[in-house]
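Reading the structure
As a plain string of letters, each chain reads:
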Amino acid sequence: MRLYAESGVSWGAIAWGPVFALVGALAELVTGGPVHVVGWLLVGVGLCVITMPWVYARRRFLSLEVTTEQLRQGREKVPAAEIASVTDVGAPVGARVLGGGWSVPRKYDSLPVRLADDTVALAWAKDIEALRDALDRLVRATPREA
């Protein structure tokens, strides 16, 4: 069961290019000049094509999901049993960032997470409070060895 998720970006971002082209064509139509339909079609398709890899990459590397089984940050998966705590955990210098990056992605906030082996890793999200709440529920619901 999914407790929390962020997609990185919506597939709707691919529509930005065609919308821009439509606005450009409408501006030409309103101003009374010639409307370059083929040119605007090429612009719309071109912007759509170059946006697709960007959307794919953001959805692959900047998405996160907390389920009852695991935390997934980008390409990295951390089983629920390996997450020990998310409350009162300090972030030591040089803490590993979950997801495989060198640092927390830009415009994302970090959340120190204590793992079962007593190391601290940095989870990240746009809505850090929602991530903390989901991980806290996950930690409380996961059975621990005595």
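This structure is a prediction, so every number in the text was calculated from the model and none was measured. (Residues numbered from 1 in each chain as written. Predicted model: local features only at pLDDT ≥ 70, side-chain atom pairs only at ≥ 80, totals over all residues. Heavy atoms only, no water.)

1. Considering a nonpolar patch on the surface
On the surface, Leu-22, Leu-26, Leu-29, Val-35, Val-37 and Leu-41 cluster together to form a nonpolar patch covering roughly 550 Å² of accessible area. Taken together, the elements giving at least two residues each to the nonpolar patch come down to helix H1 (16-30) and helix H2 (37-61). Here the element with the most residues in the nonpolar patch is H1; it accounts for 3 residues. Overall, Leu-26 belongs to the partly exposed group, its relative accessible area being 42%. (Patch = residues over 30% accessible without salt bridge, like charges linked within 9 Å, V, L, I, M, F, W, Y side chains within 5 Å. Areas by Shrake-Rupley, 256 points an atom, 1.4 Å probe, with all protein chains shown as cover. Salt bridge = Lys/Arg side-chain N within 4 Å of Asp/Glu carboxyl O. Helix = DSSP H or I, 4+ residues; strand = E, 2+ residues; numbered from the N terminus. Buried < 20%, exposed > 50% of the residue type's maximum accessible area, 1.4 Å probe, protein only.)

2. What to know about the pattern of salt bridges
Under the definition given, this model contains 6 salt bridges. Its salt-bridge partner being Glu-129, residue Arg-132 comes within 2.7 Å of it at the nearest N-O pair. A residue pair is termed a helical-turn pair when its members lie 3 or 4 positions apart in one helix, as Arg-132 and Glu-129 do in helix H3 (residues 128-141) at 3 residues. When its relative accessible area of 26% is taken as the criterion, Arg-132 is described as partly exposed. Judged by its relative accessible area of 45%, Glu-129 falls in the partly exposed class. Between Arg-140 and Asp-136 there is a salt bridge, and its shortest N-O distance comes to 3.3 Å. With Arg-140 and Asp-136 both in helix H3, this residue pair falls 4 residues apart, about one helical turn. Through salt bridges with shared partners, a single ionic network connects Arg-2, Glu-65 and Arg-72.

3. Some remarks on the nonpolar core
Counting 29 residues, the largest nonpolar core has Val-66, Leu-71, Ile-83, Val-113, Leu-131 and Leu-135 as its most contacted members. Among the elements that line this core, the one with the most residues is H3, at 7 residues. The residues contacting Leu-131, other than those within four sequence positions of it, are Tyr-4, Leu-64, Val-66, Leu-71, Gln-73, Leu-111, Ala-123, Trp-124 and Ala-125. (Core = buried A, V, L, I, M, F, W, Y, C linked by side-chain atoms within 4.5 Å. Contact = heavy atoms within 4.5 Å.)

4. Regarding the sheet that holds strand S3 (residues 70-73)
Reading across from one edge, S1-S2-S3-S4 is the order of the 4 strands in this open sheet, with antiparallel pairing throughout. Looking at the sheet topology across the chains shown, the edges are occupied by strand S1 (2-6) and strand S4 (76-79). Neighbouring strand axes in the sheet, compared pairwise and without regard to direction, differ in orientation by 5 degrees on average. By the bridge criterion, 4 bridges tie S3 to S4 in an arrangement that is antiparallel. Directly across from Gln-73, in S4, lies its bridge partner Glu-76. (Pairing = 2+ DSSP bridges. Axes fitted to C-alpha atoms, helices over the stretch in contact; angles between N-to-C directions.)

5. Structural notes on the sheet that holds strand S6 (residues 96-97)
On the basis of which strands lie adjacent, the open sheet formed by 4 strands has the order S5-S7-S8-S6 and mixed pairing. Looking at strand neighbours, the two that pair on one side only are strand S5 (83-85) and S6, the edges of this open sheet. Where strand S7 (residues 109-115) lies against strand S8 (residues 120-125), 6 bridges are found, and the strand directions are antiparallel. Bridged to Val-113 within S8 is Ala-121.

6. Topic: H2
The end-to-end C-alpha distance of H2, which contains 25 residues, comes to 36 Å, matching closely the 36 Å that a straight helix rising 1.5 Å per residue would cover. If you look at H2, its biggest bend is around 25 degrees, right at Thr-51, and the proline Pro-53 turns up within four residues after that. Along H2, the residues that are buried comprise Gly-44, Cys-48, Thr-51 and Val-55. The inward-facing, buried residues of H2 contact H1. (Expected span 1.5 Å × (residues − 1). Bend = angle between axes of the 7 residues up to and from the residue.)

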